[in-house]
Amino acid sequence: MRSESSHLPVQIGFLALVAAFAAVMAAGAAALALPIAIAFLAALALNPAVDFLEGAGLPRMVSATVVFLAFLLVTGVAVYLGGGALVDQIQELSANKEQLQQRTLLGLSNLRSALADTLPASVVQEHLDPQKNLERIESALGDMRPADLSFLGEAVTYIIITPMIAFILLLQGQVIYRSLLSLAPNRYFEMTLLLVNNIRRQIVAYIKGLGIQWLIMASIAAPGFMFVGLPYGPLVGVLVATTNIVPYIGPGMGAATALAVALMEPGGHLILPALAVVGVAQLVDNVFTQPVVLAGSVQVHPIIAILAVITMQQWFGMAGMVVAIPLASILVASIQIIYRQLKAFGAL
């Protein structure tokens, strides 16, 4: 009894040390949640290529280095080629601020004229006043603009930390994976293995599907807007492809962006061509991309999907809506696997 009592301070000290270490790690992980998440997703997407090279006889270090450098090279070239055009568009917008204000005011006036005969006069006067709506738009854009340059330090940190974490996960991902599996009791090892593999498979499939969806949408929208003569066509095309990622409301946001730019042109002759480009892009997305590319990555009932999107939007805003459906799919599949395994073991 005395021997057990003498061990108690040591046990308490050990648990306190572990708790302190866990608290420090949790605080650091919370502060770097975004770069860790990006690095984790990038490592998952690149890991099959690393495994392939390693299976061909290359050491893990060499395989991870080759794949990671190739990824950085491709990303850099894509940012240089695509980002240059977007930067030019943004610089043009900044240089022509007064002209853009006048064109926006003209577009709002055209919108008011088009809806004046179909809406009550009180609604038109209160909600469709061009000058007031222009002030609201400028106020909203001003709220989105950073108040100072303090965000640059955080951005630089993310740019440095994210590739480092991604490379470490590529290099030691399998070791970490096996270490986590080893923590599972032998009785539930099969269930844990199925669960982890299911989560990995769905995350990788969804990332690939989302990337392909964005690429197809941008490849249709940006050249289409340029072809019909829509101002800032490449920038609007990228915005349409990006907002399309957001479930349910994303396509409407993209169409509204294209319509807003088209309304700035006198006479409204670009409204129908701009909407036609959006319609073609959405037709390809609904008929081909989602059924063929994205159908296998997420399998969740529509009601569950809607509830997940609403809940995640309330908790995490627009980013929550993007991850809501794959997260719901992972949770539903995980619950099914756990239920089947526990029932097989007689635990339920």
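Residues numbered from 1 in each chain as written. Predicted model: local features only at pLDDT ≥ 70, side-chain atom pairs only at ≥ 80, totals over all residues. Heavy atoms only, no water.

### Here we look at the side chain of threonine 243
Point 1. Among the secondary structure elements, threonine 243 is positioned in helix H9 (residues 233-243).
Point 2. Within the local environment of threonine 243, its side chain forms a polar contact with the backbone oxygen of valine 240, the two atoms lying 3.2 Å apart.
Point 3. Sequence-distant contacts of threonine 243, defined by excluding residues within four places in its chain, comprise Gly250, Pro251, Met253 and Gly254. (Helix = DSSP H or I, 4+ residues; strand = E, 2+ residues; numbered from the N terminus. Polar contact = N/O pair within 3.5 Å; in protein donor to acceptor, adjacent residues only side chain to side chain. Contact = heavy atoms within 4.5 Å.)

### Considering the packing of H9 against helix H10 (residues 250-263)
Point 1. Across the interface, H9 lies against H10 with an axial gap of 7 Å and an inter-helix angle of 160°. Between H9 and H10, the interaxial angle falls into the category roughly antiparallel. The two elements H9 and H10 meet at a crossing, and its hand is right-handed. Contact with H9, carried on its side by Val236, Leu239, Val240 and Thr243, involves Gly250, Pro251, Met253, Gly254, Thr257, Ala258 and Val261 of H10 and no other residues of that element.
Point 2. Class assignment for the residues of the contact of H9 with H10 results in 7 nonpolar, 4 polar and no charged. (Axes fitted to C-alpha atoms, helices over the stretch in contact; angles between N-to-C directions. Parallel < 35°, antiparallel > 145°, perpendicular 65-115°, else oblique. Left-handed = near helix turned anticlockwise from the far one by under 90°. Nonpolar A, V, L, I, M, F, W, Y, C, P; charged D, E, K, R; others polar.)

### Brief notes about the pattern of salt bridges
Point 1. Scanning the entire structure with this criterion turns up 2 salt bridges.
Point 2. In this structure, aspartate 51 and arginine 60 form a salt bridge, with 2.7 Å as the shortest nitrogen-oxygen distance.
Point 3. A residue is classified by how much of its surface remains accessible, and aspartate 51, at 29% relative accessible area, is partly exposed.
Point 4. For arginine 60, a relative accessible area of 12% translates into the label buried.
Point 5. Connected via shared salt-bridge partners are Asp51, Glu54 and Arg60. (Salt bridge = Lys/Arg side-chain N within 4 Å of Asp/Glu carboxyl O. Buried < 20%, exposed > 50% of the residue type's maximum accessible area, 1.4 Å probe, protein only.)

It is worth stressing that arrangement in space is one thing and function is another; only the former is reported here.
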